[in-house]
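# Results of the structural survey
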Amino acid sequence: MPTLHVSSLSKLNETVAAVGASHVVTLINAATMVETPPGIAAERHLMLAMSDITAEIDGHVIPASEHVERLLGFVRDWDRQNPIVVHCWAGISRSTAGAYIAVCALRPERDEGEIADRLRTLSPSATPNARLVALADEILGRGGRMRAAIERIGRGADAFEGKPFRFDLD
């Protein structure tokens, strides 16, 4: 069964090795250098440089449609033979948004609310970046349902770093 795993940067290499991942998605600010984890081919590591913001702030890169389009293309090209790891700095906002978007894109028949509820169960600290979710909602033609589902589950529990977790596609 194909699985996605969500991690913080500090747990990235450990998570990749533990789950036998073949693909990695990095959603992190442009100033943070992230090396491709051992065992991951460079072409199987997507780097998306953006700040964890929802409105423009000078000196920061706001998540944009181009980021979401690249994420969607990458996860759709993933062969699903081995797990994929999605990470950001803390494993709480950009990475949980990325995982939520990936599941919605790869399983268009699944209900957005059910996917959001599953995300909350798997990660009490998950607080998906609302801008990434809204952009994906529009691109995927989900009619506001993705955005509404994430708003409904609300902000996650306060945490410095999220605990890595597995998010099954099925």
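Within any chain, residue numbers begin from 1 and follow the written order of that chain's sequence. It should be noted that, the model being predicted, local features are given only for residues of pLDDT at least 70 and side-chain atom pairs only at 80 or more, the latter also being counted only at that level, while totals for whole chains, interfaces and linings use all residues. Calculated side-chain values reflect all of the structure's heavy atoms, with hydrogen atoms and water omitted.

### Concerning the packing of helix H2 (residues 65-77) against helix H5 (residues 130-139)
One way to put it is that H2 packs onto H5 with a least axis distance of 9 Å and a crossing angle of 65°. In terms of orientation, H2 lies roughly perpendicular with respect to H5. Pair H2 / H5 crosses with right-handed handedness. Residues Ser65, Val68, Glu69 and Leu72 of H2 form the contact with H5, whose participating residues are Leu132, Leu135, Ala136 and Ile139. We call Asp, Glu, Lys and Arg charged. Ala, Val, Leu, Ile, Met, Phe, Trp, Tyr, Cys and Pro are nonpolar, and the rest, Gly among them, are polar. In terms of residue class, the contact of H2 with H5 is built from 6 nonpolar, 1 polar and 1 charged. Lines fitted to C-alpha atoms define the axes here, with helix axes fitted over just the stretch in contact, and angles between the N-to-C directions of these axes take values from 0 to 180 degrees. Strands are runs of DSSP state E lasting at least two residues, helices are runs of H or I lasting at least four, and both sets are numbered from the N terminus onward. The labels follow the angle: roughly parallel below 35 degrees, roughly antiparallel above 145, roughly perpendicular from 65 to 115, and oblique for the rest. Definitions for this section: a left-handed crossing has its near helix turned counterclockwise from the far helix by less than a right angle. A right-handed crossing has that turn clockwise. For this analysis, residues touch if any pair of their heavy atoms sits within 4.5 Å.

### Description of the environment of His67
By the secondary structure assignment, His67 is in helix H2. C-alpha of His67 to C-alpha of Ala134: the two residues are 67 residues apart in sequence and 12 Å apart in space. Here the side chain of His67 touches Ala64 through a polar contact of 2.9 Å, landing on its backbone nitrogen. Here a polar contact is recorded for every N or O atom pair within 3.5 Å, except that within protein the pair must consist of a potential hydrogen donor and a potential acceptor, and residues adjacent in sequence are included only if both atoms are side-chain atoms.

### Comments concerning the nonpolar core
Soluble globular proteins: nonpolar side chains tend toward being buried together. For this analysis, a nonpolar core means a set of buried residues of the types Ala, Val, Leu, Ile, Met, Phe, Trp, Tyr and Cys, connected via side-chain atoms within 4.5 Å. Throughout, exposure labels follow a simple rule: accessible area from a 1.4 Å probe, protein chains only, divided by the maximum for the residue type, with under 20% read as buried, over 50% as exposed, and the rest as partly exposed. With 39 residues, the main nonpolar core has Leu4, Val25, Tyr100 and Phe167 as its most contacted residues. Ranked by the residues each element gives to this core, the list is headed by helix H3 (residues 94-106), at 9 residues. Apart from residues no more than four positions distant in its own chain, Leu4 is found in contact with Trp78, Ile84, Val86, Ala99, Ala102, Val103, Phe165, Arg166, Phe167 and Leu169. Formed by 8 residues, the second largest nonpolar core is a distinct cluster that contains Val24, Ile28, Ile40 and Val85.

Read these as layout, nothing more, since geometry by itself doesn't imply function.
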